[in-house]
Amino acid sequence: MQDPLKSHTEALQAACLTATLESISDAVLMLGHDWEIRYMNGNAARLTKVVREEVLGRCLWDVFPEAVGGPYYRAYHKAVDTNEQVSFEEHYAPLDLWTEIRAYPSEEGLTIYFRDISDRKATEAEIHRMAFYDKLTGLPNRQLLLDRLEHALALGQRTGRPGATLFIDLDHFKSINDTRGHDKGDILLQQVADRLDAAVRSCDTVARFGGDEFVVLLEDLGTDAPAVARDIASKLLQAFHAPFNVDGVEHYSTPSIGVALFGRERLGIEEVLKRADLAMYQAKAAGRNNVSFFDPAMEARVSARAMLETDMRRALANQEFELHYQPLATIDGKLAGVEALLRWRHPQRGMVPPVEFIPVAEETNMILHLGCWVLMEACGLLSRWADDERTARLEMSVNVSPVQFHRPDFVEQVLDVLKQTGARPDRLRLELTESLLIKDVEGTIQKMQRLREVGVRFAVDDFGTGYSSLSYLHRLPLSQLKIDRSFIWDAQKEGHGAAIVRMIVGLGKTLGMSVLAEGVETPEQLAFVMDEGCHYYQGYLYSKPLPEDRLAVFFS
Ligand SMILES: Nc1nc2c(ncn2[C@@H]2O[C@@H]3COP(=O)(O)O[C@H]4[C@@H](O)[C@H](n5cnc6c(=O)[nH]c(N)nc65)O[C@@H]4COP(=O)(O)O[C@H]3[C@H]2O)c(=O)[nH]1
């Protein structure tokens, strides 16, 4: 006979246990040895979307047939077979439920505690997305690209299977941002991302590297990797053929693409990206809307340029730059003035010609510092000349780089130098290039006029080699056209030089400007430019550029 006290105690314990299990936040499921559901608390029924009374006593795998053979099935069997607790996180697809599970085997069967971690998983996924994907385009971001590139390089080095990195930069992207606003620029970037993504295989990575830069990572390109990479790059170019629809307006955009291949060679991610980036710049330099492959000569050129840049910074600090002055003559041989020409006296290389270092100075903005120094030196000399009647009427021509001229404070800078040195503004002539004049014509005219008002004059240098448009030339306050020396040299030969010289002289006369012939080296050339009606000339025939002390000798 059952002890009534004992059975009362057991009932009390069971009630207590049930109350506890019902009140805890975990879901609880108790299974018998045949996987029959012996107990299920309210949370478990709610999460698994079953009616408790309907499933009690039934086999777990009949109630959840989709789980048979899957991760839950394997884990519970393992717990029972080994008699050891298992814990794991798993997604149950039919209910779209992420669960955290702990299952404890016992003599009665298996007790399973689980809880819904879907929110935590969603937050984790969101954090992952934010860390590795670009918000605007949804593409992998720089971080994820670097990870994948690292794997791809390691794989390439181990297996020898080649891949490629394509660096893509949109041409003139800034213009849509500037003219139509950043939100329209963003729309374009999203559409570009979609087209790039659609143009490659799903196993390739299309990443947004930043701004308007994208990188495509191609792996396992097979035996003819360069040809395959070229084909894919062409496909990417083609993807831009059709116009984009940016908020109802057709917009044409083109990319410049640089390709760097990788394979067995030991290369770091930085190096591969640098190569692709260099090749991209080459594509831009070749006219944009282009594909260019990295080649080592390209790298050699760039590192030579970088060395030159470092060298120039040192030279600036060490005052290795100096000015030489080339006398300019009236057509009948009288001294009219000089042109200041920059020289670099390099301690090892000797005199470095300006054509070699001025482009680098312009690219690096060092020309701003150098140009200001040139102006100060030249105006200093001009001011010293004022005291000597042999030199007081001479003019000083100074070359001005477009980078310098287009600075907003250029006019103030010149006025400041004139003030500091006390040089006469009407003895200073600034030489501008044709390319400088065609950029921002209105702004250019304004700046020139402000300086013209104080007496400063302007000449167009190397006239005839650029793209001057006659339609605005007459609006510029210019006083001189300098005919490029190539036309003077050409005039003696069969070419069109003579006709061009004649045309420029005619143009100068019409516009009321004097005309100077550059690069006159022989008496024949002088006779020719004299016949054509040039007013001034400059060239080795009259004098080479001279340092200041030799210029003084030349004067006397
Ligand atoms: N073969 C030959 N050459 C002659 C003859 N007569 C003059 N030249 C050279 O022709 C160039 C004239 O200067 P540019 O056309 O303004 O061309 C200049 C100018 O564009 C630029 N440059 C020189 N100094 C400066 C400067 O201070 N600032 C800026 N921005 N550019 C400068 O560098 C260019 C080259 O300067 P340089 O090498 O000094 O070369 C000078 C001069 O030495 C001749 O009869 N035969």
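These notes cover the structure that comes with them. (Residues numbered from 1 in each chain as written. Predicted model: local features only at pLDDT ≥ 70, side-chain atom pairs only at ≥ 80, totals over all residues. Heavy atoms only, no water.)

## Some words on the pattern of salt bridges
- On inspection of all chains with the given rule, the structure shows 38 salt bridges.
- For Glu100, the salt bridge goes to Arg115, with nearest N and O atoms at 4.0 Å. One end of the pair, Glu100, is in strand 4 (residues 97-105); the other, Arg115, is in strand 5 (residues 110-116), and 15 residues separate them in sequence.
- With a shortest N-O distance of 3.0 Å, Glu442 and Arg475 are connected by a salt bridge. Taken as a pair, Glu442 in helix 18 (residues 441-453) and Arg475 in the loop between helix 19 (470-473) and strand 19 (480-483) lie far apart in primary sequence, 33 residues in all. (Salt bridge = Lys/Arg side-chain N within 4 Å of Asp/Glu carboxyl O. Helix = DSSP H or I, 4+ residues; strand = E, 2+ residues; numbered from the N terminus.)

## Comments concerning empty space enclosed by the protein
- Tallied over the entire structure, the rule returns three cavities of 30 Å³ or more.
- Thr48, Phe64, Tyr72, Tyr76 and Tyr92 are the residues nearest the centre of the largest cavity, which is lined by 15 residues in total.
- Those elements that place two or more of their residues in the lining of the largest cavity are helix 4 (60-63), helix 5 (71-82), strand 4 and strand 5.
- Examining the composition of the lining of the largest cavity, we find that three residues originate from one element, strand 4, more than from any other.
- Counted by class, the lining of the largest cavity contains 13 nonpolar, two polar and no charged residues. (1 Å grid on protein atoms, 1.4 Å probe; cavity = no way out; pocket = protein on both sides within 12 Å on 5 of 7 lines; lining within 4 Å. Points joined across faces, edges and corners; volume = space filled by probe spheres on them. Nonpolar A, V, L, I, M, F, W, Y, C, P; charged D, E, K, R; others polar.)

## Let's talk about helix 12 (residues 296-317)
- Spanning 22 residues, helix 12 covers 32 Å between terminal C-alpha atoms, matching the ideal 32 Å at 1.5 Å per step.
- Of the residues making up helix 12, those classed as buried are Met298, Leu308, Asp311, Met312 and Ala315. Seen along its axis, helix 12 keeps its buried residues to an arc of 150 degrees; they face one direction. For helix 12, the exposed residues set more than 90 degrees away from the buried face come down to Pro296, Met307, Thr310 and Ala317.
- Buried positions along helix 12 lie against helix 11 (269-285), strand 12 (291-293), strand 13 (321-330), strand 14 (335-346), helix 13 (354-363) and helix 14 (366-385).
- Gln319 sits one or two positions beyond helix 12 and adopts a positive phi of about 55 degrees. (Expected span 1.5 Å × (residues − 1). Buried < 20%, exposed > 50% of the residue type's maximum accessible area, 1.4 Å probe, protein only. Arc of directions from axis to C-beta. Contact = heavy atoms within 4.5 Å.)

## Examining the side chain of Ser256
- Position of Ser256 relative to the elements: it lies in strand 11 (residues 255-262).
- Ignoring any residue separated from it by four or fewer positions in sequence, one finds Ser256 in contact with Phe167, Ile168, Asp169, Asp171, Met280, Ala283, Lys284, Arg288, Asn289 and Asn290.

## With respect to the site of the ligand
- Not every one of the 22 residues close to the ligand is listed here, only the nearest: Arg343, Asp461, Arg485, Glu521 and Tyr540.
- Here Gln326 contributes a side-chain N or O atom positioned 3.0 Å from a nitrogen atom of the ligand.
- A distance of 3.0 Å separates a nitrogen atom of the ligand from a polar atom in the backbone of Leu342.
- Relative to its unbound accessible area of 790 Å², the ligand is 86% covered by the protein chains. (Near = heavy atom within 4 Å. Polar contact = N/O pair within 3.5 Å; in protein donor to acceptor, adjacent residues only side chain to side chain. Areas by Shrake-Rupley, 256 points an atom, 1.4 Å probe, with all protein chains shown as cover.)

## Here we look at the packing of aromatic side chains
- One pass over the full model with this rule turns up 18 aromatic pairs.
- Aromatic pair Phe240 and Phe244: ring centres 5.8 Å apart, planes at 65 degrees, arrangement edge-to-face.
- Grouped by ring-pair contacts, the aromatic residues Trp35, Trp61, Phe64, Tyr72, Tyr73, Tyr76, Phe88 and Tyr92 constitute a single cluster.
- Here the guanidinium or amino end of Lys544 rests over the ring plane of Tyr540, the centre of that ring lying 4.6 Å away. (Phe/Tyr/Trp six-rings, centres within 6.5 Å; stacked < 30°, edge-to-face > 60°. Lys NZ or Arg CZ within 6 Å of the ring centre and 35° of its normal.)

## Structural notes on the layout of surface pockets
- Estimates place the volume of the largest pocket at around 1,000 Å³.
- Looking at the largest pocket, it is lined by 35 residues, and the ones nearest its centre are Glu339, Leu341, Pro354, Asn399 and Asp461.
- Within the residue set of the lining of the largest pocket, elements represented by two or more residues are strand 14, helix 13, helix 14, helix 15 (402-405), strand 17 (428-433), strand 18 (457-463) and helix 20 (485-491).
- Each residue belonging to the lining of the largest pocket can be placed in one class, and the counts come to 16 nonpolar, nine polar and ten charged.
- Its boundaries defined by the atoms lining it, the second largest pocket holds a volume of some 260 Å³.
- Every residue along the wall of the second largest pocket is listed here: Asp277, Leu278, Tyr281, Gln282, Ala285, Met298, Arg301, Val302, Arg305 and Glu363.
- Going through the elements one at a time, helix 11 and helix 12 are the ones with two or more residues in the lining of the second largest pocket.
- Among the elements that make up the lining of the second largest pocket, the one with the highest residue count is helix 11 (five residues).
- For the lining of the second largest pocket, the per-class residue count stands at five nonpolar, one polar and four charged.

## Some details on the sheet that holds strand 11
- The strand order across the open sheet formed by five strands is 7-8-6-11-12, and the pairing between neighbours is mixed. Single-partner strands in this sheet number two, and they are strand 7 (205-210) and strand 12. On average, adjacent strands in this sheet sit at an angle of 20 degrees to one another, irrespective of strand direction.
- Direction of pairing for strand 6 (residues 163-170) relative to strand 11: antiparallel, over a ladder of eight bridges. Directly across from Leu166, in strand 11, lies its bridge partner Val259.
- Seen against the sheet, helix 7 (residues 142-159) touches strand 6, strand 7, strand 8 (213-218) and strand 11 and runs at an angle of roughly 130 degrees to strand 7. (Pairing = 2+ DSSP bridges. Axes fitted to C-alpha atoms, helices over the stretch in contact; angles between N-to-C directions.)

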